[in-house]
Amino acid sequence: MSVATRNGNPSVDAPVAPPRVVRQRRVRPGLLGLAVLLIALGGLGSAFAITSVRATGSYLAVAQTVEVGSVLGADDLVAVQVAGGQGLDPVPSGRLAEVIGMRAAVSLAPGTLLTMAQLTDDPLLGPGQQQFALGLRAAQVPAPKLRPGDQVLLVSTPNNDGNSSGGGSSSATRFTATVTDAVSTEGRDEVVVYLALAVRDVPAVVALAAQDRIAVVLTKAA
């Protein structure tokens, strides 16, 4: 048997190694679904962040305490920047002129956003009522501070001679009224209380006030 040679070197037959088979990894369906979910959530988070930034706006907030029934002034409100605010329905700062002069339907606390539901255009004078101003000394006011909406009872007091208008203390006349405002007179120990009275009661109350024969009793705070 002859052996073929190349370049003077003998050729040696060697075994040929079989090709290496790369084993493919199986992707679990659960992991694939989780990856898709994470990608989707990331997209939603980005969309929510963009939406929140776009929803940022200027709204009206309460700058100081406003009692129920009080008229809103420019000093009572301040413009603030708020992001989002979905479900709160705050009043945009551009509507400032619209809300000035409206009354507070509820007590407004400083630092809270203002909503139209907290305001009213309804006058405190109801049908068949007239407003009456009653001057009282500080000691005659039945509360440290009367507020719009407080319910009071006006009671006639005896004459200077000790007799009441009806001849006895049991016949004292009573009138119901609603406080529309109360103002302290600067430099004087006097409070002017503005009252909403039934038209039929106004003449009698005016006569009693002229004689300084009215006592005020607070029956229900607003």
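Scroll up to find the structure.
Just so it is clear, the model here is predicted, and its values are computed rather than measured.

Draft legend 1. Examining the overall build of the protein more closely. Within the protein, the regular secondary structure consists of 3 helices and 11 strands. Secondary structure elements of the protein occur, N-terminal to C-terminal, as β-β-α-β-β-α-β-β-β-β-β-β-α-β. A buried classification covers 27% of the 222 residues belonging to the protein. In the protein, once contacts between residues fewer than 6 apart in sequence are set aside, the share between residues at least 24 apart is 66%. Total accessible area on the protein stands at roughly 15100 Å², and carbon and sulfur atoms take up 56% of it.

Draft legend 2. Structural view of the pairing of strand 10 (residues 190-198). Among the 9 residues of strand 10, 7 are classified as buried, and the element is accordingly described as predominantly covered. With 6 bridges connecting them, strand 9 (residues 174-184) and strand 10 associate as antiparallel partners. In the sheet register, Ser184 faces strand 10, and the bridge partner there is Val191.

Draft legend 3. Broad picture of helix 3 (residues 202-210). Residues of helix 3 that are buried include every one of Val202, Val205 and Leu208, and no others. The buried residues of helix 3 occupy one face: seen down the axis, they fall within an arc of 130°. With respect to the buried face of helix 3, the exposed residues turned more than 90 degrees away are Pro203 and Ala210. The inward-facing, buried residues of helix 3 contact strand 7 (129-137), strand 8 (151-156), strand 9, strand 10 and strand 11 (214-220). Following helix 3 by one or two positions, Asp212 has its phi on the positive side, about 55°.

Draft legend 4. Broad picture of the sheet that holds strand 7. Read from one edge of the open sheet, 5 strands run 7-10-9-8-11, paired in antiparallel fashion. The open sheet has two free edges, formed respectively by strand 7 and strand 11, since each of these has just one partner strand. Strand-to-strand twist in this sheet, taken as the mean axis angle between neighbours without regard to direction, amounts to 40°. As paired elements, strand 8 and strand 11 share 6 bridges and run antiparallel to each other. Residue pairing for strand 11: Leu153 is matched across the bridge by Val217. Contacting strand 7, strand 8, strand 9, strand 10 and strand 11, helix 3 crosses the sheet at an angle of about 15° to strand 7.

Draft legend 5. Molecular detail of the pattern of salt bridges. Counting across every chain of the model gives 4 salt bridges. Among the salt bridges present, the one from Glu67 reaches Arg147, with a minimum N-O distance of 3.0 Å. Of this pair, Glu67 sits in the loop between strand 3 (57-62) and strand 4 (77-82) while Arg147 sits in the loop between strand 7 and strand 8; the two residues are 80 residues apart in sequence, bridging distant segments of the chain. Using a relative accessible area of 31% as the deciding quantity, one classes Arg147 as partly exposed. Here Arg200 makes a salt bridge to Asp201, at a shortest N to O gap of 3.9 Å.

Draft legend 6. Examining the nonpolar core more closely. Counting residues in each nonpolar core, the largest one holds 20 residues, and the members touching the most others are Leu134, Leu154 and Leu195. Contributions of two or more residues to this core are made by strand 7, strand 8, strand 9, strand 10, helix 3 and strand 11. Among the elements that make up this core, the one with the highest residue count is strand 10 (4 residues). Those residues in contact with Leu154 that sit more than four places away from it in its chain are Leu134, Thr173, Arg174, Phe175, Ala177, Leu195, Leu197, Val205, Ile214, Ala215 and Val216. Counting residues in each nonpolar core, the second largest holds 12 residues, with Leu60, Leu77, Val99 and Met102 among its members.

What counts and what doesn't
- Residues numbered from 1 in each chain as written.
- Predicted model: local features only at pLDDT ≥ 70, side-chain atom pairs only at ≥ 80, totals over all residues.
- Heavy atoms only, no water.
- Helix = DSSP H or I, 4+ residues; strand = E, 2+ residues; numbered from the N terminus.
- Buried < 20%, exposed > 50% of the residue type's maximum accessible area, 1.4 Å probe, protein only.
- Contact = heavy atoms within 4.5 Å.
- Areas by Shrake-Rupley, 256 points an atom, 1.4 Å probe, with all protein chains shown as cover.
- Pairing = 2+ DSSP bridges.
- Arc of directions from axis to C-beta.
- Axes fitted to C-alpha atoms, helices over the stretch in contact; angles between N-to-C directions.
- Salt bridge = Lys/Arg side-chain N within 4 Å of Asp/Glu carboxyl O.
- Core = buried A, V, L, I, M, F, W, Y, C linked by side-chain atoms within 4.5 Å.

None of this, on its own, says anything about what the molecule does.
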